[in-house]
Amino acid sequence: MNTALAVSATGLRKSYGDKLVLDGIDLRIPEGTVFALLGPNGAGKTTTVQILSTLIPADAGEARIAGHDLGTRSDGVRAAIGVTGQFSAVDNLLTAEENLLLMADLNHLSRREGRRRSTDLLRRFDLTEAARKPVATFSGGMRRKLDLAMTLVGDPRVIFLDEPTTGLDPRSRRTMWEIIRSLVVDEGVTIFLTTQYLEEADQLADRIAVLDHGRIVAEGTAEELKRRIPGGHIRLRFTDPYALETAAGLFASTHRDDEALTLDIPGDGGIPTLRSVIDILDGASVEAAGLTVHTPDLDDVFLALTSSPAGAR
Ligand SMILES: Nc1ncnc2c1ncn2[C@@H]1O[C@H](COP(=O)(O)OP(=O)(O)OP(=O)(O)O)[C@@H](O)[C@H]1O
């Protein structure tokens, strides 16, 4: 029954001059999930976030965020969302605590409530020790954490994270991932994430949309996307060469490895394909010792679906 949508959009379009940046974007993001908008540089990710977070108007299309219409209730949208982006709101000259208290003021929290939230968030983001230090002395990872903590002061239901881990080292990236996951699991917030990192989308997102030249060229779970492109296969393992030989004769196109006693059959890892492979083996009374499904990784998906290769950036 969990069908409430945190974000829904139809036909979002945006041009700058005669450059078409978004060419009709449709989105449906259920509450309490992580959605990743994945795309190469210039695909239109930031523009999408800017429109959905009321920073810029769309030329056409409709959207509802946390139940509020973007066109007619932008104040309601703003009250329900948090945005952390490539241009962070963190003030370098202030301390972490001062930044948080400033946010509390901007959100009209009482002094007492502001202090309480700020102490809470510093603890939760492991910034208590650094609370009284100027942000100018912070590492990139600490700064990102503070940026997200500042967004949380307003208790948003939908959080837009525009490339939240770009430039972070692997350890800081993992810390951010854990924080993002805990926001969804513990508080049921909805995360709208943009990223150029396939691994990030794979790790975090319930659903991924691939944006290219202002259009969504594919959407699904990471597994669904991986299954959509060629390169996937089902690998059968046998214990004797005779079984391998017999099995190889049963399928039209295969790749066999006589030393490893394996046979690769091209195809997706969907249930119907698996069932038909097993049925064919059963029909010929050939017994396989093991079966594994190999799907291409998201890198393959990205390269296959986007016209400007990820590696060329
Ligand atoms: N204010 C603007 N005026 C003119 N063109 C713009 C403006 N903002 C964005 N664009 C253009 O729109 C296209 C999409 O930009 P956008 O920032 O949304 O892409 P992106 O997918 O977020 O890329 P990146 O990963 O580099 O941030 C780009 O070609 C960009 O040059």
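This text follows the structure it describes.
Everything numeric in this text was worked out from a predicted model, so none of it was measured.

Asker: Please provide a residue-by-residue account of the site of the ligand, values included.
Answerer: As a structural note, the neighbourhood of the ligand is formed by Y16, K19, V21, G39, N41, G42, A43, G44, K45, T46, T47 and Q196. Put simply, the parts of the chain that give the shell around the ligand at least two residues each are β2 (19-30) and α1 (45-52). If one sorts the elements of the shell around the ligand by residue count, α1 sits on top with 3 residues. Of the residues in the shell around the ligand, the class split is 3 nonpolar, 7 polar and 2 charged.

Asker: Let's hear about the sheet that holds strand β11 (residues 233-237): which residues, and what values?
Answerer: What the 4 strands build is an open sheet, ordered β12-β13-β11-β14; its pairing is antiparallel. At either end of the open sheet lies a strand with only one pairing partner, and these are β12 (255-257) and β14 (290-294). Between one strand axis and the next, the sheet turns through 20° on average, direction left out of account. Sheet topology note: the β12/strand β13 (residues 262-266) ladder contains 3 bridges and is antiparallel. By the bridge assignment, D257 is partnered in β13 with T262. Where helix α9 (residues 241-248) meets the sheet, it contacts β11, β12 and β13, and its direction lies at approximately 20° from that of β13.

Asker: Outline the pairing of strand β7 (residues 158-162), supporting the account with residue identities and numerical values.
Answerer: Of all 5 residues in β7, 5 are buried; the element is thus mostly enclosed. Here β7 shows two buried faces, one formed by V158, F160 and D162 and the other by I159 and L161. Of the strand pairs in this sheet, strand β6 (residues 81-84) and β7 are connected by 4 bridges, and their pairing is parallel. Among the inter-strand pairings, V83 is bridged to a residue of β7, identified as F160. Two elements, β7 and strand β8 (residues 190-195), share 5 bridges in a ladder whose sense is parallel. The residue of β8 that forms the bridge with F160 is F192. Between the parallel pair β7 and β8, the chain is carried across by helix α6 (residues 170-187), and the sense of this crossover is right-handed.

Asker: Requested: an account of the packing of helix α3 (residues 96-106) against helix α5 (residues 140-152), with residues and values cited.
Answerer: For any two helices packed against each other, the geometry comes down to the angle between their axes and how far apart the axes lie. Where α3 contacts α5, the axes come no closer than 9 Å and their chain directions differ by 25°. On the basis of the axis angle, α3 is roughly parallel to α5. At the point where α3 passes α5, the crossing takes the right-handed sense. When α3 is examined against α5, the residues A96, N99, L100 and M103 are found in contact with a partner set consisting of L146, A149 and M150. Residues of the contact of α3 with α5, tallied by class, amount to 6 nonpolar, 1 polar and no charged.

Asker: Quick rundown of unusual backbone geometry? Include the residues and the values.
Answerer: With a phi angle near 50°, A66 is a residue other than glycine that sits in the positive phi range. Residue placement: A66 occurs in the loop between β4 (60-65) and β5 (68-69). Of note in the backbone geometry, L261 takes a positive phi value of approximately 55° without being a glycine. Judged by the 17 C-beta atoms lying within 10 Å of it, L261 is partly exposed.

Asker: Tell me about the sheet that holds strand β3 (residues 34-38), and name the residues and values.
Answerer: One open sheet holds the 6 strands; their spatial order is β6-β7-β8-β3-β9-β10, and the pairing between them is mixed. The two strands at the open ends of the sheet, each matched to only one other strand, are β6 and β10 (215-220). Averaged over all pairs of adjacent strands, the angle between their axes in this sheet comes to 15°, without regard to strand direction. Sheet contacts for α5: β6 and β7; angle to β6, the most-contacted strand, approximately 165°.

Asker: An account of the nonpolar core is needed here, citing residue identities and associated values.
Answerer: In terms of nonpolar packing, the biggest core is built from 49 residues, with A36 and I191 touching the most fellow members. The biggest single contributor to this core is β3, with 5 residues. Setting aside residues up to four positions removed in sequence, I191 forms contacts with V34, F35, I159, L161, I180, L183 and V184. The next biggest cluster of nonpolar side chains, apart from the first, holds 17 residues, and it includes L100, A130, A149 and M150.

Asker: Residues and numbers for the packing of α3 against helix α4 (residues 111-124), please.
Answerer: Packing of α3 against α4 leaves a shortest axis separation of 9 Å and a crossing angle of 135°. The angle between the axes of α3 and α4 places the two elements in the oblique class. The two elements α3 and α4 cross, and the hand of that crossing is right-handed. For the pair α3 and α4, contact is made by A96, E97, L100, L101, A104 and D105 and by G114, R117, S118, L121 and L122, respectively.

Procedures and definitions
- Residues numbered from 1 in each chain as written.
- Predicted model: local features only at pLDDT ≥ 70, side-chain atom pairs only at ≥ 80, totals over all residues.
- Near = placed C-beta within 6 Å.
- Helix = DSSP H or I, 4+ residues; strand = E, 2+ residues; numbered from the N terminus.
- Nonpolar A, V, L, I, M, F, W, Y, C, P; charged D, E, K, R; others polar.
- Pairing = 2+ DSSP bridges.
- Axes fitted to C-alpha atoms, helices over the stretch in contact; angles between N-to-C directions.
- Contact = placed C-beta atoms within 7 Å.
- Buried ≥ 20, exposed ≤ 12 C-beta atoms within 10 Å, placed from the backbone.
- Right-handed = clockwise from strand over helix to strand, strands pointing away.
- Parallel < 35°, antiparallel > 145°, perpendicular 65-115°, else oblique.
- Left-handed = near helix turned anticlockwise from the far one by under 90°.
- Core = buried A, V, L, I, M, F, W, Y, C linked by C-beta atoms within 7 Å.

Nothing here speaks to function; it is geometry throughout.
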